[in-house]
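Commentary on secondary and tertiary structure
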Protein chains: 2
Amino acid sequence: MSIARSRSVTISDVAQTAGVSRAAVSKVIRNAYGVSPAMRVRVEAAIAELGYRPSVAARALRGSSYRLALEIPWVGARFMTQIVEGAQLAVDGTPYQLVLAPAEGHAYGTLESMADGMVDGIIAIAPLTDPEWLEAFAARVPVVMIGRHDHPRGYDTVVGDDVGGANAVMDHLLGLGHRRIVHLTEPETVTAPGSGTPHSVRLQVYRDRMATAGLSDLVEVVRRDDSRAGTLAATRELLARDDRPTAIFAGHDDIAMDALAGVAAAGLTGRVAVTGYDDTDLAQHPLIDLTSVDQQGVEMGARAATMLLERLQGRTEPRRHVATATLRVRGSSGRVVS
Amino acid sequence: MSIARSRSVTISDVAQTAGVSRAAVSKVIRNAYGVSPAMRVRVEAAIAELGYRPSVAARALRGSSYRLALEIPWVGARFMTQIVEGAQLAVDGTPYQLVLAPAEGHAYGTLESMADGMVDGIIAIAPLTDPEWLEAFAARVPVVMIGRHDHPRGYDTVVGDDVGGANAVMDHLLGLGHRRIVHLTEPETVTAPGSGTPHSVRLQVYRDRMATAGLSDLVEVVRRDDSRAGTLAATRELLARDDRPTAIFAGHDDIAMDALAGVAAAGLTGRVAVTGYDDTDLAQHPLIDLTSVDQQGVEMGARAATMLLERLQGRTEPRRHVATATLRVRGSSGRVVS
DNA sequence: GCCTCACTGTAGACCGTTCTCCGCAGCCCT
DNA sequence: AGGGCTGCGGAGAACGGTCTACAGTGAGGC
């Protein structure tokens, strides 16, 4: 038995087997113009016989890699599942392959790394990225950003209707008679006013609605800790007070899970309303039964991918898709304030 | 203002700016032998000045891409979060970048696609892949498989102690006095006897333990449906029977979530014991409080990545890591059978 | 019978790296 | 002084595709 290194089969091997030029083989696999039926048959037979697969690296060097990157801040975030599912759906049936790029810490490194010739385009969820930097980046590689409220020139955006969604939450809670409503959200960096992140918008709506309801002095914003323990502690402390909140408006479902854990730890399950955002599969689970805002994550992912594909077709003017937000009322907020 | 296409800066530009050859620049960025301190300084200055970044495609064509792929069956699976986190940890600090490849349907296409020159090595979670095919595949690109009980020649494996874990679950449930224990698991394809998948092993242990406990005629295996609704219906039907099970041993935590939903829908919450597997973050949530088996997912991911890095260093003999399995008893199974 | 033209297929440059030689100094050793 | 050796840097061939130009060929128009 030969220890022969299994050197992979190249386009030259196929060309030789089929008795044609490399260029001809290239044309066939790219479905390019100028191929006779007879040649196509012969080349395809040779490809099948040899089990030839084009090298992505070689392709990418001159043409395209047929890979799209989807950069995600953290794989564990439930919302990501929806985005990924949608993007995958949109990419299915095209020659493109979706790869996920988890960003460790800041997204810049990951984004640049992806752009270094490995992918033809990038979908990114990176709320904290500097707009100027992004514009420059998007000049180099096609980009679609998810969850940004800015109006860029060089890339597309897909974003939820955070104003509508947050208002729906506040409508709901205020309508139930809640006054001590606390907003549990991401750390300050993610919610800086005017930063255009979804969470900054939701926070602003919270403040506004509290103000117009005459509840300005009851406004309370609690930041989520990166550690679950920290968030839990903050929540417990909050709930230990005499004037404890009767409702918690959480920035998204994962945060809401922490809130629910805190409420449970304080022995107050069912006595403090909790709402989430994103309507993840967890929210629908009977043991969680979380009121949440459905912003069509799957649709968002699909739209983002579709937009990116359009850009790869040549479109350059920026486009923007705003997903509708719909409140899904469930048990976690269902009890009217006693 | 120039509409100049921002052609990215190449190694030639750097070489020209620094007044050296391309080969010299290449040596510097690869930290290769044969570089004087003086030249290094000049080259690095030029790199910084021009903002040069090596093209991954060009690198991959000749050398390596410095990318590792982690193929995952479904992004939504909670267990994946642990694996990814661990792998990322192990890769941090190395020149390698981790990319995630979601497999749509069968893994073969995704794996081949990744191997087509885009990555230097592959970590895969693909229980259903044919061993022979895998051996051939692994001859082409370094591979580490997660969750396979076979003993391959050409690739490494990281697997949990499914025998120990499943036995711990059965010990626990039998010890609590349960007799009508049903096993809720994946579809048959994933649990075929002798297939070596974790779920086939857990199933076998379940059967064996039921048999040795003299409960052979109470053995009941329910298959999970891909659709949540289907699983829910099956569970409800199960629980509607007169001789309904008093305990459900679920194949993993996501399945256990379905089981809990079914139990809740039947109005039996707290009266049917449910156990999961993987000890995901959900299991630890107070509202779920799921007894589960901790098989150190993070450690498994890290070990897989480390093994792959070793292979890239030149190791060829196959290695195998078996993660210990520890039962974490929580409320979902805590009540002794009445 | 000649010119044009559409259709096929090929030759060969090119993409941006890596990597294997190879040359050139300068130094030490005999 | 001649002959290695060592340390540094460069030339140039890969790598496996894509793509632009161009050559050949037969048909159709005049």
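How each quantity is defined
- Every chain is numbered on its own, with residues counted from 1 as its sequence reads.
- Chain labels run from A onward and ligand labels from 1 onward, assigned in the order the entries are written.
- Reporting in this predicted model follows two pLDDT cut-offs: at least 70 for local features of residues, and 80 or more for side-chain atom pairs to be given and counted; totals over whole chains, interfaces and linings ignore these cut-offs and use all residues.
- Water and hydrogen atoms were dropped before computing side-chain values, which therefore reflect all heavy atoms in the structure.
- The rule for a residue being near a molecule or strand is that one of its heavy atoms must lie within 4 Å of it.
- Definition of a polar contact: a pair of N or O atoms within 3.5 Å, with one able to donate and the other able to accept a hydrogen when the atoms are protein atoms, and with sequence-neighbouring residues admitted only if both atoms are side-chain atoms.
- For helices the rule is a DSSP run of H or I covering at least 4 residues; for strands it is a run of E covering at least 2, with both sets numbered from the N terminus onward.
- Residue polarity follows a fixed list, in which Ala, Val, Leu, Ile, Met, Phe, Trp, Tyr, Cys and Pro are nonpolar, Asp, Glu, Lys and Arg are charged, and the others, Gly among them, are polar.
- Note on definitions: salt bridges are taken to be side-chain nitrogens of Lys or Arg within 4 Å of carboxyl oxygens of Asp or Glu.
- The buried label goes to any residue with under 20% of its type's maximum accessible area, the exposed label to any with over 50%, and the partly exposed label to all in between, with areas taken from a 1.4 Å probe on protein chains only.
- Using protein atoms alone on a 1 Å grid, points that fit a 1.4 Å probe yet trap it form a cavity, whereas open point sets bounded by protein on both sides within 12 Å along at least five of seven lines form a pocket; residues with an atom within 4 Å of a point count as lining.
- Grid points are joined across faces, edges and corners, and a volume is the space filled by probe spheres set on the points.
- Pairing between two strands requires that DSSP report at least two bridges joining them.
- Axes, fitted as lines to C-alpha atoms, cover a helix only where it is in contact. Angles between the N-to-C directions of the axes lie from 0 to 180 degrees.
- By definition, residues are in contact when any of their heavy atoms lie within 4.5 Å.
- UniProt positions are given in the numbering used here, feature names are shortened, and annotations may be inferred rather than shown by experiment.
- Working definition: a ring pair exists when centres of Phe, Tyr or Trp rings (six-membered ring for Trp) sit within 6.5 Å. Plane angles under 30 degrees give stacked, over 60 give edge-to-face, the rest tilted.

Labelled according to an unreviewed UniProt entry, chain A appears under the name LacI family transcriptional regulator, originating from Actinoplanes couchii.

A few words now on the protein's contact with DNA strand D. Close to DNA strand D lie 29 residues; Ile11(A), Ser26(A), Tyr33(B), Ser36(B) and Arg62(B) are nearest. At 2.5 Å, a side-chain N or O of Arg62(B) approaches a base nitrogen of DNA strand D. When contributions to the surface near DNA strand D are tallied by element, the ones reaching two or more residues are α2 (22-30) and α4 (56-62) of chain A together with α2 (22-30) and α4 (56-62) of chain B. The greatest single-element share of the surface near DNA strand D, amounting to 5 residues, is contributed by α2(A). Taken together, the residues of the surface near DNA strand D break down into 14 nonpolar, 6 polar and 9 charged.

Right, let's talk about the protein's contact with DNA strand C for a bit. Taken together, 29 residues lie around DNA strand C, and Ser36(A), Arg62(A), Ile11(B), Ser26(B) and Arg30(B) are the ones closest in. Within 4 Å of the protein, the contacting atoms of DNA strand C are drawn from sugar and phosphate to the extent of 62%. Interatomic distance of 3.4 Å between a side-chain N/O atom of Arg22(B) and a base oxygen of DNA strand C. The set of elements that each furnish at least two residues to the surface near DNA strand C consists of α2 and α4 of chain A together with α2 and α4 of chain B. With 5 residues, α2(B) is the single largest residue contributor to the surface near DNA strand C. By residue class, the composition of the surface near DNA strand C is 14 nonpolar, 6 polar and 9 charged.

Bringing the pattern of salt bridges into the picture now. Going through the model one piece at a time under the given rule, you end up with 44 salt bridges over all chains. A salt bridge links Arg241(A) to Asp243(A); its shortest N-O distance comes to 3.4 Å. Residue Asp150(B) is joined to Arg148(B) by a salt bridge in which the shortest nitrogen-to-oxygen separation is 3.0 Å. Taking the relative accessible area as the measure of exposure, Asp150(B) reaches 21% and is therefore partly exposed. Three or more residues joined by partner-sharing salt bridges are found here, namely Asp156(A), Glu310(A), Arg311(A), Arg315(A) and Arg319(A).

This next bit is on empty space enclosed by the protein. Counting across every chain of the model gives 1 cavity of 30 Å³ or more. Taken as a whole, the largest cavity encloses approximately 50 Å³ of empty space. Together, Val56(A), Ala57(A), Ala60(A), Gly117(A), Met118(A), Val56(B), Ala57(B), Ala60(B), Ser65(B), Gly117(B) and Met118(B) line the largest cavity. Contributions of two or more residues to the lining of the largest cavity are made by α4 of chain A together with α4 of chain B. When its residues are assigned to classes, the lining of the largest cavity shows 8 nonpolar, 3 polar and no charged.

Within a beta sheet, neighbouring strands are joined by backbone hydrogen bonds and run either parallel or antiparallel to one another. Residue and element names in this part refer to chain A. Taken together, the 4 strands give an open sheet; going across it, the order is β7-β6-β8-β9, and neighbouring strands pair in parallel fashion. Strands with a single pairing partner mark the edges of an open sheet, and in this sheet they are β7 (220-223) and β9 (273-275). Sheet twist, expressed as the average angle between the axes of neighbouring strands with direction ignored, equals 20°. For strand β6 (residues 181-185) and strand β8 (residues 247-250), the ladder comprises 4 bridges, and the chain directions are parallel. Bridging across to β8, Val-182 finds its partner in Ile-248. Together, β6, β8 and β9 form the strand contacts of helix α8 (residues 162-175), whose direction differs from that of β8 by roughly 175°. Along the sheet face, helix α10 (residues 198-212) touches β6, β7 and β8 and points at about 170° away from the line of β6.

Let's shift gears to the UniProt feature "domain: HTH lacI-type" (unreviewed entry) in chain A. Mapped onto this numbering, the UniProt entry gives "domain: HTH lacI-type" (unreviewed entry) at residues 9-63 of chain A. Counted over residues 9-63 of chain A, helix gives 69% and strand 0%. Its end C-alpha atoms are 20 Å apart.

Residues and elements named next belong to chain B. Inspection of the secondary structure puts Asp-278 in the loop between β9 (273-275) and β10 (292-294). The sequence separation of Asp-278 and Ile-122 amounts to 156 residues, and the corresponding C-alpha distance is 23 Å. Once you skip the residues sitting within four places of it in the chain, Asp-278 turns out to touch Phe-79, Gln-82, Arg-202, His-252, Asp-253, Ser-292, Val-293 and Gln-295.

This part is about the packing of aromatic side chains. Inspection of every chain in the model, using the stated rule, returns 6 aromatic pairs over all chains. For the ring pair Trp133(A) and Phe137(A), a centre distance of 4.9 Å and an interplane angle of 15° mean the geometry is stacked. Remark: Phe137(A) and Trp133(A) occur in helix α7 (residues 131-140); sequence separation between them is 4 residues, near one turn of the helix. A relative accessible area of 22% means that Trp133(A) is categorised as partly exposed. On the numbers, 4.6 Å between centres and 85° between planes, the contact of Tyr108(B) with Trp133(B) is edge-to-face.

The next thing to look at is the pairing of strand β6 (residues 181-185) of chain B. Residue and element names in this part refer to chain B. Buried residues dominate β6, accounting for 5 of its 5 residues. Neither face of β6 is exposed, since Ile-181, His-183 and Thr-185 on one face and Val-182 and Leu-184 on the opposite face are all buried. Judged from the 4 bridges that link them, β6 and strand β7 (residues 220-223) form a sheet pairing that is parallel. In the sheet register, Thr-185 faces β7, and the bridge partner there is Arg-223.

Right, let's talk about the sheet that holds β6(B) for a bit. Residues and elements named next belong to chain B. The sheet built from 4 strands is open, its strands ordered β7-β6-β8-β9 with parallel pairing. In the strand order of this sheet, the two ends are held by β7 and β9, each with one partner. Each strand axis lies, on average, 20° off the axis of its neighbour in the sheet, ignoring direction. Across the sheet, helix α8 (residues 162-175) touches β6, β8 (247-250) and β9, and the angle it forms with β8 is around 175°. Contacts from helix α10 (residues 198-212) reach β6, β7 and β8 within the one sheet, and its direction differs from that of β6 by about 170°.

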